[in-house]
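Single-letter residue listing:
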Amino acid sequence: MSTANITDNLASPAPVLSYSPVVLSVPGRPVDLQVRVSAPETGTDLPVILLSHGQGPSNNLSSLNGYAPLVNFWAAHGFVVIQPTHLTSRTLSHQVADAPGAPFFWRSRSEDMSHILDRLDEIEKAVPLLAGRIDHTKVAVAGHSFGGFTSSLLLGALVTDDGEEVSLLEPRIKAGVLLAAPGRGDVINGPMADALPVFRTIDFSTMTTPALVVAGDEDDSRHFTDMGPDWHADPYTLAPGPKALLTLFGAGHALGGIPGYDVAETTDESPERVAAVGRLTSAYLRSQLHPGDNAWQTAREALTSGPDPVGRVEAK
């Protein structure tokens, strides 16, 4: 895709085609892996975003059916977005409650993404009007909340499980976006501390893949830590470059409402903020996956400057 086409895609959204479920049988997985695929109506050499959902109180957003505000924006601006339903989804809780790794399946969540990449040809052929349009060399991962933890592992962060260091680095992923992701483990002291002990062990010092960390300056996740909103900036602060940090002013954990349209868990509902997240994350990934493209610089200047900036950006 030429730089001119990239710029056009960012400026003029395309109609979006969405197809689900694409069903993949995975040996050893207690249920089939189901994914939704969303893509622009036109275009070739399309880069891929793998999107890892969070949890949250809603019954269905933690599945391939969530995150429509972001998915629709990304697909309309030239990406193929692939959304798995992880085993942690509330939609599967009655089927997998006794499966190994329940209820949080932290390892399986990352493995889902590698399975998708292993079978990207199969997925591409299964979706009508998509065959031959994906650039398999340009793959990014994005994740919100628990999905941010999943994405951190795929980008190179390490964890320790039963005394063993675990790496789930996925080298086919070239860049990432961490949305309201968990931070470091040594400050976890809230009621979730014992439920997810692996969160205590995360090591961002090995997360070398380029990534944009998005954090809300009012995202105070007391169920994990009393550190305050700065906790969600840890994947930027503690990881080596190249990294960028987008701090959104007035944003809570839903970052304005990215999990879904008009959903209960959005305490900071702001369509303008959601649009800004879509534009900035899309531009960042575009520039990372297409070296020499200036979409990130242009979007950053437009949305973080002026009399009423949406947030601030720093980089290393």
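Everything that follows concerns the structure shown earlier in this document.
As the structure is a computational prediction, the values presented were derived from the model and not from experiment.

Colleague: So what's going on with helix α8 (residues 271-289)? Residues and values would help.
Modeller: For α8, with 19 residues, the first-to-last C-alpha span of 27 Å sits near the 27 Å given by 1.5 Å per residue. Of all 19 residues making up α8, 14 are buried, and the element is well covered by its neighbours.

Colleague: Account for the side chain of Thr225, with residues named and values stated.
Modeller: Considering the arrangement of structural elements, one finds Thr225 in the loop between β9 (211-216) and α7 (234-237). For Thr225, a relative accessible area of 1% puts it in the buried group. A polar side-chain atom of Thr225 sits 3.0 Å from the main-chain amide nitrogen of Met227. When near neighbours in sequence (up to four residues on either side) are disregarded, Thr225 contacts Val187, Ile188, Asn189, Gly190, Asp220 and Trp231.

Colleague: Account for the sheet that holds strand β3 (residues 46-52), with residues named and values stated.
Modeller: Strands sit in the order β1-β2-β4-β3-β5-β8-β9-β10-β11 across an open sheet of nine strands; the sheet is mixed. On the outer flanks of this sheet lie β1 (16-24) and β11 (311-315), each paired with one strand and no other. Between one strand and the next, the sheet's axes are offset by a mean angle of 20°, whatever the strand orientation. Relative to β9, strand β8 (residues 175-179) runs parallel, the two being bridged by four bridges.

Colleague: So what about the environment of Phe73? Which residues, and what values?
Modeller: Structurally, Phe73 can be placed in helix α2 (residues 68-76). It is 25 Å that separates the C-alpha atoms of Phe73 and Pro242, two residues lying 169 residues apart in sequence. Among all residues touching Phe73, those that are not within four sequence positions of it are Ala275, Gly278, Arg279 and Ser282.

Colleague: Residue-level account of the packing of aromatic side chains, with values.
Modeller: Under the definition given, this model contains seven aromatic pairs. Here the aromatic rings of Phe104 and Phe146 are separated by 6.3 Å at their centres, their planes lie at 65°, and the arrangement is edge-to-face. One end of the pair, Phe104, is in the loop between α3 (93-96) and α4 (106-118); the other, Phe146, is in helix α6 (residues 146-154), and 42 residues separate them in sequence. On the basis of relative accessible area, Phe104 is assigned to the partly exposed category, the value being 21%. Residue Phe146 is classed as buried on the basis of its relative accessible area of 6%. Ring pairs connect the aromatic residues Phe104, Phe146, Phe149, Phe199, Phe224 and Trp231, which therefore count as one cluster. The side chain of Arg286 reaches across the aromatic face of Phe79, ending 4.4 Å from its centre. The ring of Tyr236 carries Lys316 above its face, with NZ or CZ at 4.9 Å from the centroid.

Conventions and cut-offs
- Residues numbered from 1 in each chain as written.
- Predicted model: local features only at pLDDT ≥ 70, side-chain atom pairs only at ≥ 80, totals over all residues.
- Heavy atoms only, no water.
- Helix = DSSP H or I, 4+ residues; strand = E, 2+ residues; numbered from the N terminus.
- Expected span 1.5 Å × (residues − 1).
- Buried < 20%, exposed > 50% of the residue type's maximum accessible area, 1.4 Å probe, protein only.
- Polar contact = N/O pair within 3.5 Å; in protein donor to acceptor, adjacent residues only side chain to side chain.
- Contact = heavy atoms within 4.5 Å.
- Pairing = 2+ DSSP bridges.
- Axes fitted to C-alpha atoms, helices over the stretch in contact; angles between N-to-C directions.
- Phe/Tyr/Trp six-rings, centres within 6.5 Å; stacked < 30°, edge-to-face > 60°.
- Lys NZ or Arg CZ within 6 Å of the ring centre and 35° of its normal.

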